[in-house]
Amino acid sequence: MKTEVVIVGGGPSGLAVSACLSRFSIPNVILEREDCYGSLWKKRVYDRVKLHLAKEDDFVRYLDDYVSHFGLRPLFGKSVESATFDSDSRMWAVEEHLSRFLVVATGENAEGILPSFRGLDGFTGEILHSCHFKSAARFAGKRVLVVGSGNSGMEIAFDLCNYGAQTSISVRGPFHVLTKEMVYMGMVMLNHVSVQIVDALVLLMCRFQFGDLSGFGIIRPSEGPFSLKAKTGRSPVIDVGTLGKIKRGEIKVMKEVAGVAGGEVRFTDGETRSFDAIIFATGYRSTAADWLQDDGGLLNEEGFPKRAFPDHWKGGNGLFFAGLSRRGLAGVAMDAKKIAEDIKTYQGGPSRRST
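Residue numbering note: each chain is counted from 1, following its sequence as written. Local features in a predicted model are, by the rule used here, given only for residues with pLDDT of at least 70; side-chain atom pairs are given and counted only at 80 or more, and totals for whole chains, interfaces and linings are based on all residues. The side-chain figures draw on all heavy atoms in the structure; neither hydrogens nor water molecules are used.

Visitor: What is the right way to read the pattern of salt bridges from this model?
Guide: Between side chains of opposite charge, a pair can form as their charged atoms come close. The salt bridge definition used is simple: a Lys or Arg side-chain nitrogen within 4 Å of an Asp or Glu carboxyl oxygen. A complete count under the given rule lists ten salt bridges for this structure. The partner of Lys78 in a salt bridge is Glu96, and the shortest N-O contact between them spans 3.4 Å. A residue pair is termed long-range when its members are at least 10 positions apart, and Lys78 in the loop between β3 (75-76) and β4 (83-86) and Glu96 in the loop between β5 (91-94) and β6 (97-104) qualify at 18 residues. Assessed through its relative accessible area of 32%, Lys78 is described here as partly exposed. Whether a residue is buried, partly exposed or exposed follows from its accessible area with a 1.4 Å probe, protein chains only, as a fraction of its type maximum: under 20%, in between, or over 50%, in that order. For Glu96, a relative accessible area of 34% translates into the label partly exposed. The salt bridge involving Lys231 is made with Glu223; its shortest N-O contact spans 2.8 Å. Secondary structure follows DSSP: runs of H or I at least 4 residues long count as helices, runs of E at least 2 residues long count as strands, and numbering of each begins at the N terminus.

Visitor: Just checking my understanding: could you explain the sheet that holds strand β15 (residues 264-267) for this structure?
Guide: Adjacent strands of a sheet form backbone hydrogen bonds with each other and so pair up, either parallel or antiparallel. Strand pairing follows a simple DSSP-based rule, namely that at least 2 bridges must link the two strands. Reading across from one edge, β14-β15-β16 is the order of the three strands in this open sheet, with antiparallel pairing throughout. Of all the strands in the sheet, just β14 (257-261) and β16 (272-274) have a single pairing partner and so form its edges. Averaged over all adjacent pairs, the angle separating strand axes in this sheet is 25°, with direction ignored. Pairing of β14 with β15 involves four bridges; the strand directions are antiparallel. Bridge pairing in β15 links Val257 to Phe267. Lines are fitted to the C-alpha atoms to define the axes, a helix being fitted only along its stretch in contact, and any angle between axes, read from their N-to-C directions, falls within 0 to 180 degrees.

Visitor: How do you make sense of unusual backbone geometry when you look at a structure like this?
Guide: Negative phi is the rule for most residues except glycine; trans is the rule for most peptide bonds. One non-glycine residue with positive phi stands out, namely Ser25, at about 60°. Along the polypeptide, Ser25 turns up in the loop between α1 (12-23) and β2 (28-32). Since its relative accessible area comes to 62%, Ser25 is described here as exposed. Even without a glycine there, the phi angle at Asn317 is positive, about 60°. One can find Asn317 in the loop between α9 (288-291) and β19 (319-321).

Visitor: Help me understand the nonpolar core, please; the structure alone is not making it clear to me.
Guide: Across soluble globular proteins, nonpolar side chains show a tendency to be buried alongside one another. Ranked by size, the top nonpolar core spans 36 residues in total, and within it Phe133, Phe139, Leu160, Leu243 and Ile279 carry the most contacts. Note on contacts: a residue pair is in contact if any heavy atoms of the two residues lie within 4.5 Å. Not counting the four nearest positions on each side in its chain, Leu243 is found in contact with Met154, Val177, Phe210, Leu213 and Ile218. Judged by nonpolar contacts, the second largest core, of 27 residues, contains Leu63, Val332, Ile339 and Ala340. Grouping buried Ala, Val, Leu, Ile, Met, Phe, Trp, Tyr and Cys residues that are joined through side-chain atoms within 4.5 Å yields what is termed a nonpolar core.

Visitor: What exactly am I supposed to notice about the packing of aromatic side chains here?
Guide: One pair of aromatic rings is described through two measures. These are the centre distance and the angle between the planes. Pairing of aromatic rings covers Phe, Tyr and the six-membered ring of Trp, with a centre-to-centre limit of 6.5 Å; geometry is then stacked below 30 degrees between planes, edge-to-face above 60, and tilted otherwise. Inspection of every chain in the model, using the stated rule, returns nine aromatic pairs. Both rings, one in Phe59 and one in Tyr62, keep their centres 6.1 Å apart while their planes meet at 20°; by these two values the pair is stacked. Of this pair, Phe59 and Tyr62 both sit in helix α3 (residues 59-70), three residues apart, roughly one helical turn. Judged by its relative accessible area of 43%, Tyr62 is partly exposed. Ring geometry for Tyr66 and Phe70: centres 4.8 Å apart, planes at 55°, overall tilted. Here Phe70 and Tyr66 lie together in helix α3, a separation of four residues that amounts to about one turn. Placement of a positive charge over a ring is assigned whenever Lys NZ or Arg CZ falls within 6 Å of the ring centre and within 35 degrees of the normal to the ring plane. Note that Lys344 overlies the ring of Phe24, its terminal NZ or CZ placed 5.5 Å from the centroid.

Visitor: Would you take a moment to explain the sheet that holds strand β8 (residues 126-129) for this structure?
Guide: Ordered by their spatial adjacency, five strands build an open sheet running β8-β17-β9-β10-β13, and the pairing between neighbours is parallel. If you trace the sheet from one side to the other, it starts and ends with β8 and β13 (251-254), each paired once. Each strand axis lies, on average, 20° off the axis of its neighbour in the sheet, ignoring direction. Pairing geometry for strand β9 (residues 143-147) and strand β17 (residues 277-280), over four bridges, is parallel. Its bridge partner lying in β17, Leu145 is registered against Ile278. Helix-sheet contacts for helix α4 (residues 151-162) involve β9, β10 (166-170), β13 and β17, and the interaxial angle to β10 is about 165°.

Limitation: the analysis is restricted to geometry and does not speak to function.
Encoded structure:
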């Protein structure tokens, strides 16, 4: 089956690209391996997850309205095992589809990352990644270690503590903690003043709001939260009440995990504790590199473009990447518009992509 554009992934990135292409009347097809679009938000989030946006949106309802408004029709149950480019025909072969252009939109959170610790295979308790965590209710009364101090890790620790779990959280390195109001204020200010000024003001507010957190095992990075976000794509943690529980001693902050022996976990400071379960909130990887055969060496080991933002979105031979900039929904929107406009420019003529 031939089409102009094949989009792999029916999450926000794939949907946005399809909508932008449809505005230009460019034929396209979305291939989604799950039985629904937006499967991360519809099927894989934990019960009390909060979408960390400046706007208060019901995101799943928004996706439904978006799909309906633009008349998008993803093909479900279409797992892509291989995508190859034929230099003679200048076409991409993606399963049973042939297309002039290929958009990789499988998302940053395609597969959970489980770090390798010595002795982890012999842990006598339960091990799971945050992508499989739904509710803290079944952990009531248990000793649970959360590994990872990003937004997911901090929220899961808060949830566990609320349900009566003896909760600890392992912190690997420095990170910023802000309130949602600080994030919103910073985003508004960035439209008018430099990121350095925004960082300085927000950090001043943090000192008044939270005080010095170093005594509780939380160290802030030397670089400001919005500068760090712009350079690395790493978001600050938005506090949902976890800090208060840490300060009251209800949640214990531990150092990085050094190893596991039976039911005991040893940390880099030498402390050892027993746990009934370990929940890894250690992030995700893109799976694009697993099935994309002819990426031209543009993807790294984690399946993300090697080219830094803002040059990450375009490859060679009609290949594009959407939603892999680690810049949230704003990055998704930017990618979708650029890709659609670029394809429109070359539609009707030979593909002239260069790496």
